[in-house]
Amino acid sequence: MAKRPEISRASLLSHMETLPHARATYKQLVKEFNAKGGSREALDQALEQLVGRGDLIEWKTGHFVLPGASKEFVTGRLQMHRDGYGFVIPDRPIEGMRGDLFLPPDALEGAMHGDQVLARVARIERDGRAYGELLRILKRAHVFLVGEFRVARQNYVIPHDSRVRQRVVIPEGLELPPPDSQWNRIGASTREVRSVEEMDGMIVNVEILEFPGKDEPPVGRISEILGYPDDFGVDVEIVIRKHHLRHQFPPETVAEAEGIPLEIPASEAARREDFRALPIVTIDGETARDFDDAVLVERLDNGNFELQVHIADVSYYVLRSTAIDHEAILRGTSVYFPDRAVPMLPIELSTNICSLRPNEDRLVLSAILEIDRQGDIVGRRFTEGIIRSAERMTYTNVQLVLNGDAAQRERYSPLVERFQSMEELALVLNRKRVKRGSIDFDLPEAEVLFDEAGEMTGIERRPRLMAHRIIEEFMLAANEAVAGALEEHGVPSIYRIHERPDPKKVALFAELAQSFGFKFGGALSVKTFARYERKRDGRKVRKEITVYEDGGEITSQAYQKLIAQIEGKPEERVLSYQLLRSLKQARYSAENLGHFALAAKSYTHFTSPIRRYPDLEVHRILRDWLQAGQPGFFAKDGKTPEPNRDRTEELRILADDCSFTERQAAEAERELIEWKKVKFMAGKIGEEFAALIVSTTRFGMFIELEDLFVEGLVPLDSIPSDRFHYEENSRLIVGHRTGLVYRVGDRITVRLDQVDELEKTMQFALAGAAGKGSRVGGKKLTGAAAGKSAKRPTGGRRKRR
């Protein structure tokens, strides 16, 4: 009797890859897997999971295809525009398609912003732009929506996110939440709401009971009342709910955390390597409450350094498949706002049992690295340990010690030489990274200042001290060492990867750098040719087409060399900003693809298990390996076996989920800061500021205020004294009559005209009369430059030369 094929997500994907055109019907799969009884249930479950995650497309009922095998279908997240149209952001690149799939308003009935959808590609233009139609909503993005309650004949809620265009109807009797959840938030007002009329204009959270359909609005019920828009702390609550951040721990999670013993069992302490007698310290910011890492540097007799990086052993306390673990997976990461945090772990763990507080015994996973004077790791080992932090240091105090501050040196006299050794080793490690091509971004970061009432008082540049660099270098070294060890021994793990950038984006950046007089290396060739298109009125219009050819490998050294060229130059800020945009976003992966920006062959996240789930999972993998006494995922003869596809698939899913929650947290943090900035600037309408043009578009130029790190738009039609247009090829904004031109990098003076707190945007106007020398930017084009850029696109009239 033939053995039934094993049914799992991995085996099903492998089977689909072998089929013609990677397509199959449900009946075909049942037959080929001989799926009966329990096997049929396993097949159904695997199909449901794969379709739900977008790894398999069910393009019509019972018909499946692998995403990469068809250019006809796209799965992805729907991004709506407030004007009614939308785009599908593909889960995977589609051959021949540039950017996202456009969906017209009439194709989006019933869909909401953020939904995971299946769409059909109707056509792809020669320039790569794609148009399509919506086939199916795979997963709803919003079970709850936050918005403003309005009292009317039929009460409704206006979603806070303008991209969610449907108002949510609230039926009579569902306007007031249950009493126990009415003020279900930290720092909430105790104001009691007795009637629906009192709720007019209040911010509420609404549970969606019925999703929108054709000509039918969504229907919901109020689950929380958060307060009025201007109440203290309501902005944070809105952002938390808008991004669906899990901000309350379920009772079973809290009970589990409260039940963890505070004392370390004597047997556990005895079996671990004891580092408690060593002067190990933590170095963090002044306001930090959870301390993941502690460090020590020793000078060895052979002239090398020993770097000890001790990381809180969260994996000892948070076991797989527990209530705490389940909640941590869903959160994925801690989220940090100016006045509060949404932690990944309950505070019993994050700020107490796991936090490496001074003068308290704590369990750790330790990376012990021997590093020579060239920065090479010549010896490494990993161990389960126990430490007792000698000091809770801050970056400021460490920097004062390094700067020779007498008071701080006296206060920390036993540690002064230790900090000096740390600085020396950090510089050695940095030189090593730079030599191999690691990109060291030193972009200015904004620090938002608040008063005691939580109101923003200003923005200033956050200093980057040598003390920061010390911890950065040590954490990078530990992360890379752990990744390298696990990979060398064939242990399936999660990697932090940063893929090679898109050649087209690199070429665009290279053009911009060249316009400033800087050469950007990289094996790219850029060809431009003309094409004439006939318009409906019979006119021929010349259109320049740019083709980018990848002639070889784009290296991080090219970025590194450019950073060295622009350091200290006036163009540094804008080019650094654009350089960063040309790179891809780092993410988590079960497959090691290297880290481009760090020029690292293997890299992972190991050093922050209190606030990042991938680090916690890497800890578990490392502990399993250490406790096995030999590589636990290998054959006993030491040979690396065939990869465990199911385990790799589990890690791939986890890596994708963690990448999503990381992006979600970053967007929430960024949105709140931008909102705070907008509120701060609302009181400065009419004031003038020095600004830098950071990008240009067909509708205007985006600027950044030089002293406040605030961005806004100067609309094209608001520039006085002339009619300006945008030239796509040169990215210049040019005046028709005057030939005045604005380009990225120009310094100008602007006046704040409008602030939109709902959209969190600011609109500026140029200060002074255009073309009269009142700006640093705004130069006239002359000679050949004028002939190339000062186009007059009206009628059949000739271009001005």
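Worth saying up front: this structure is predicted, and the values here are computed from it rather than measured.

Enquirer: Sorry if this is basic, but what is going on with the overall build of the protein here?
Expert: When you go through the protein residue by residue, the secondary structure sums to 19 helices and 37 strands. Expressed as a percentage of contacts within the protein between residues at least 6 apart in sequence, the contacts between residues at least 24 apart total 67%. Counting only carbon and sulfur atoms, one obtains 48% of the accessible surface of the protein, whose full area is about 39,100 Å².

Enquirer: Would you mind going over the sheet that holds strand β1 (residues 23-25) with me for this structure?
Expert: Pairing between the strands of a sheet comes from backbone hydrogen bonds, and it takes one of two forms, parallel or antiparallel. The antiparallel open sheet is built from three strands, whose spatial order is β1-β3-β2. In this open sheet, the two edge strands, each paired with only one partner strand, are β1 and β2 (57-60). The average angle at which neighbouring strand axes cross in this sheet is 30°, direction not considered. Note: β1 against strand β3 (residues 63-65), three bridges, orientation antiparallel. By the bridge assignment for β3, arginine 23 is matched with valine 65.

Enquirer: Is there a simple way to think about the sheet that holds strand β7 (residues 116-124) in this case?
Expert: Taken in spatial order, the five strands of this closed barrel run β4-β5-β6-β8-β7, and their pairing is mixed. Neighbouring strand axes in the sheet, compared pairwise and without regard to direction, differ in orientation by 50° on average. Two elements, strand β6 (residues 101-103) and strand β8 (residues 130-139), share two bridges in a ladder whose sense is parallel. Of the residues in β8, the one forming a bridge with phenylalanine 102 is tyrosine 131.

Enquirer: Even after reading the chapter, I still don't get unusual backbone geometry, so can you show me in this structure?
Expert: When glycine is set aside, most residues are seen to have a negative phi, and most peptide bonds are trans. The backbone phi angle of alanine 599 is positive, close to 50°, even though this residue is not glycine. Along the chain, alanine 599 turns up in the loop between β28 (587-589) and α17 (613-628). One non-glycine residue with positive phi stands out, namely serine 721, at about 75°. Within the fold, serine 721 resides in the loop between β31 (711-715) and β32 (724-727).

Enquirer: Please explain the packing of helix α5 (residues 251-258) against helix α8 (residues 323-331) as it appears in this structure.
Expert: Helices that pack against each other are described as a pair by the angle of their axes relative to one another and the distance between those axes. The geometry of α5 relative to α8 is characterised by a closest axis approach of 8 Å and an angle of 125° between their N-to-C directions. Taken together, the axes of α5 and α8 lie oblique to each other. Of the two elements, α5 crosses α8, and the hand of that crossing is left-handed. For the pair α5 and α8, contact is made by Glu252, Thr253, Glu256 and Ala257 and by Ala323, Ile324 and Glu327, respectively.

Enquirer: Please explain helix α10 (residues 395-403) as it appears in this structure.
Expert: Structurally, the α-helix is built with 3.6 residues per turn, so residues lying three or four positions apart point the same way. Of the residues making up α10, those classed as buried are Tyr395, Asn397, Val398, Gln399, Val401 and Leu402. Tucked inside the fold, the buried residues of α10 contact β15 (281-284), β22 (391-394), α11 (406-411), α12 (416-436) and α13 (466-488). Glycine 404, located one to two residues past α10, shows a positive phi value of around 95°.

Enquirer: Please explain a negative patch on the surface as it appears in this structure.
Expert: On the surface, Asp106, Glu109, Glu210, Asp215 and Glu216 cluster together into a negatively charged patch. Given the relative accessible area of 65%, aspartate 106 is considered exposed.

Enquirer: Can you walk me through the nonpolar core in this structure?
Expert: For soluble globular proteins, nonpolar side chains are generally found buried alongside one another. With 80 residues, the main nonpolar core has Ile283, Leu307, Leu349, Phe419, Met422 and Phe474 as its most contacted residues. Looking at this core element by element, the count peaks at 12 residues for α13. Apart from the residues lying within four places of it in its own chain, the contact partners of methionine 422 are Val281, Ile283, Val295, Leu296, Val297, Ile470 and Phe474. Within the second largest apolar cluster, 28 residues are counted, among which are Met701, Leu708, Val710 and Val714.

Enquirer: How should the packing of helix α15 (residues 556-566) against helix α16 (residues 572-581) be read in this particular structure?
Expert: It is at 10 Å that the axes of α15 and α16 come closest, and there the two elements cross at 165°. Looking at the two axes, α15 sits roughly antiparallel to α16. Crossing of α15 over α16 shows left-handed handedness. Within the contact between the two elements, α15 uses Tyr559, Leu562, Ile563 and Ile566 and α16 uses Glu572, Leu575, Ser576 and Leu579. Here the contact of α15 with α16 is composed, by residue class, of six nonpolar, one polar and one charged.

What counts, and at which threshold
Residues numbered from 1 in each chain as written. Predicted model: local features only at pLDDT ≥ 70, side-chain atom pairs only at ≥ 80, totals over all residues. Heavy atoms only, no water. Helix = DSSP H or I, 4+ residues; strand = E, 2+ residues; numbered from the N terminus. Contact = heavy atoms within 4.5 Å. Areas by Shrake-Rupley, 256 points an atom, 1.4 Å probe, with all protein chains shown as cover. Pairing = 2+ DSSP bridges. Axes fitted to C-alpha atoms, helices over the stretch in contact; angles between N-to-C directions. Parallel < 35°, antiparallel > 145°, perpendicular 65-115°, else oblique. Left-handed = near helix turned anticlockwise from the far one by under 90°. Buried < 20%, exposed > 50% of the residue type's maximum accessible area, 1.4 Å probe, protein only. Patch = residues over 30% accessible without salt bridge, like charges linked within 9 Å, V, L, I, M, F, W, Y side chains within 5 Å. Salt bridge = Lys/Arg side-chain N within 4 Å of Asp/Glu carboxyl O. Lys, Arg positive; Asp, Glu negative; His and termini not counted. Charge placed at Lys NZ, Arg CZ, Asp CG, Glu CD. Core = buried A, V, L, I, M, F, W, Y, C linked by side-chain atoms within 4.5 Å. Nonpolar A, V, L, I, M, F, W, Y, C, P; charged D, E, K, R; others polar.

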